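# Secondary and tertiary structure notes
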Amino acid sequence: MNGSVAYLVTAAGCLIAVAGIVVAVVALRRTRNKQPRHPGPTDPFRDRDADALRGDPRRLRPGDIVEIRRVPYTLRGSVELREGSWTWWEHFLDDASGGQLWLSVEEDPDLELVLWRTDPDAALTPGAPTVDFDGRRFTKEESGHARFTGTGTTGLDPTGAMRYFDYRSPDGARLSFEAFGDAAWEVSRGDVLHRSDVMIYPQADPGKVG
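Here's what I pulled together on the structure shown here. (Residues numbered from 1 in each chain as written. Predicted model: local features only at pLDDT ≥ 70, side-chain atom pairs only at ≥ 80, totals over all residues. Heavy atoms only, no water.)

## So, the side chain of arginine 195
Along the chain, arginine 195 falls in the loop between strand E10 (186-193) and strand E11 (198-201). In this structure the side chain of arginine 195 is engaged in a polar contact, spanning 2.3 Å, whose partner is the backbone oxygen of glycine 55. (Helix = DSSP H or I, 4+ residues; strand = E, 2+ residues; numbered from the N terminus. Polar contact = N/O pair within 3.5 Å; in protein donor to acceptor, adjacent residues only side chain to side chain.)

## Re the pattern of salt bridges
Summed over the entire model, instances satisfying the criterion amount to twelve salt bridges. In this structure, arginine 82 and glutamate 80 form a salt bridge, with 3.2 Å as the shortest nitrogen-oxygen distance. A salt bridge links arginine 136 to aspartate 171; the shortest N-O distance between them is 2.9 Å. With arginine 136 in strand E7 (residues 136-152) and aspartate 171 in the loop between strand E8 (159-168) and strand E9 (174-180), the pair connects residues that are 35 residues apart, well separated along the chain. Here arginine 136 falls in the partly exposed class, since its relative accessible area comes to 34%. On the basis of relative accessible area, aspartate 171 is assigned to the exposed category, the value being 53%. (Salt bridge = Lys/Arg side-chain N within 4 Å of Asp/Glu carboxyl O. Buried < 20%, exposed > 50% of the residue type's maximum accessible area, 1.4 Å probe, protein only.)

## As for the nonpolar core
Val66, Ile68, Leu93, Leu103, Leu193 and Val198 are the most contacted members of the largest nonpolar core, which has 14 residues in total. Listed by contribution, the elements that provide at least two residues to this core are strand E1 (65-68), strand E2 (71-83), strand E4 (100-107), strand E5 (111-118) and E11. When residues of this core are assigned to their parent elements, the largest contribution, three residues, is made by E4. Not counting residues within four places of it along the chain, the set of residues in contact with isoleucine 68 comprises Tyr73, Leu93, Leu115, Leu193, Asp197 and Val198. Judged by nonpolar contacts, the second largest core, of twelve residues, contains Phe92, Val114, Phe148 and Tyr164. (Core = buried A, V, L, I, M, F, W, Y, C linked by side-chain atoms within 4.5 Å. Contact = heavy atoms within 4.5 Å.)

## Topic: the packing of aromatic side chains
Applying the stated criterion across every chain, the model contains five aromatic pairs. Ring centres 5.0 Å apart and planes at 25 degrees place the aromatic pair phenylalanine 92 and tryptophan 102 in the stacked group. Placement of the pair is phenylalanine 92 in strand E3 (residues 86-94) and tryptophan 102 in strand E4, with a sequence separation of ten residues. Taken individually, phenylalanine 92 and tryptophan 102 each receive the classification buried, so the pair is uniform in this respect. Their ring planes at 70 degrees and their centres at 5.7 Å tell us that tyrosine 167 and phenylalanine 177 sit as a pair that is edge-to-face. Note that tyrosine 167 is positioned in strand E8 and phenylalanine 177 in strand E9, a separation of ten residues in sequence. Among the residues examined, tyrosine 167 registers a relative accessible area of 1% and is labelled buried. (Phe/Tyr/Trp six-rings, centres within 6.5 Å; stacked < 30°, edge-to-face > 60°.)

## Some thoughts on the pairing of E2
When E1 meets E2, the two strands line up antiparallel, connected through four bridges. Each bridged residue has a counterpart across the sheet, and for isoleucine 65 the counterpart in E2 is threonine 74. The hairpin formed by E1 and E2 contains two residues between the paired strands, and arginine 69 there has a positive phi angle of roughly 50 degrees. Bridging between E2 and E3 involves nine bridges; their strand directions are antiparallel. Residue valine 79 lies in a different strand from E3, and its bridge partner there is glutamate 90. In sequence, E2 turns back onto E3 through a hairpin of two residues, with glycine 84 there showing a positive phi of about 65 degrees. Sheet topology places E2 next to E7; six bridges connect them, and they run antiparallel. (Pairing = 2+ DSSP bridges.)

## Here we look at unusual backbone geometry
The omega angle of the peptide bond from aspartate 108 to proline 109 is -10 degrees, so this bond is cis rather than trans. Residue placement: proline 109 occurs in the loop between E4 and E5. Residues other than glycine seldom take positive phi values, yet arginine 69 does so here, at roughly 50 degrees. With respect to the element layout, arginine 69 can be found in the loop between E1 and E2.

## Quick look at the side chain of arginine 58
Topologically, arginine 58 is positioned in the loop between helix H2 (48-54) and E1. We classify arginine 58 as buried; its relative accessible area is 19%.

In structure tokens, the structure reads:
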């Protein structure tokens, strides 16, 4: 009889110990789940003062006014391009006289702004290591394929694929070839802008994404 009681007491003690371990494990898991997640990496050198004073080029929307070297343009539409994990933007600008240009915005890793002017008369094809154009020799930098999504007025389909070749001259001038969908190659000259060259006056509804 005493042996049976001792056995029961021992078994009960084991069950209590196991229950205590289970409670401790559950509590530990809950504690870990409640720990705050660390925010994603940010650029420690980003000029947030310039963004506050001159507007953030990363947040442009159709309808915004973009002043470049004291010339105002209306942003008519935007194209977001993705190649793998890489994303950049091209914004379609219109001035009061009907001129049309594109402003590209990308971080590589620093913010880079380039004003592009399309040259429909340029009889050039991409692919060669170097291209001679307008008195300059341009060297190929990169090429690839990307998917795009458009908003506003761009003259392009809402979504699709594009191909590109990018060239650069020794003095920093840019030359780009782009083909959206099944369209022919479009040649554009690029002028790299300083951050202080661009002033943004938001006009669009903040609730709309551009």
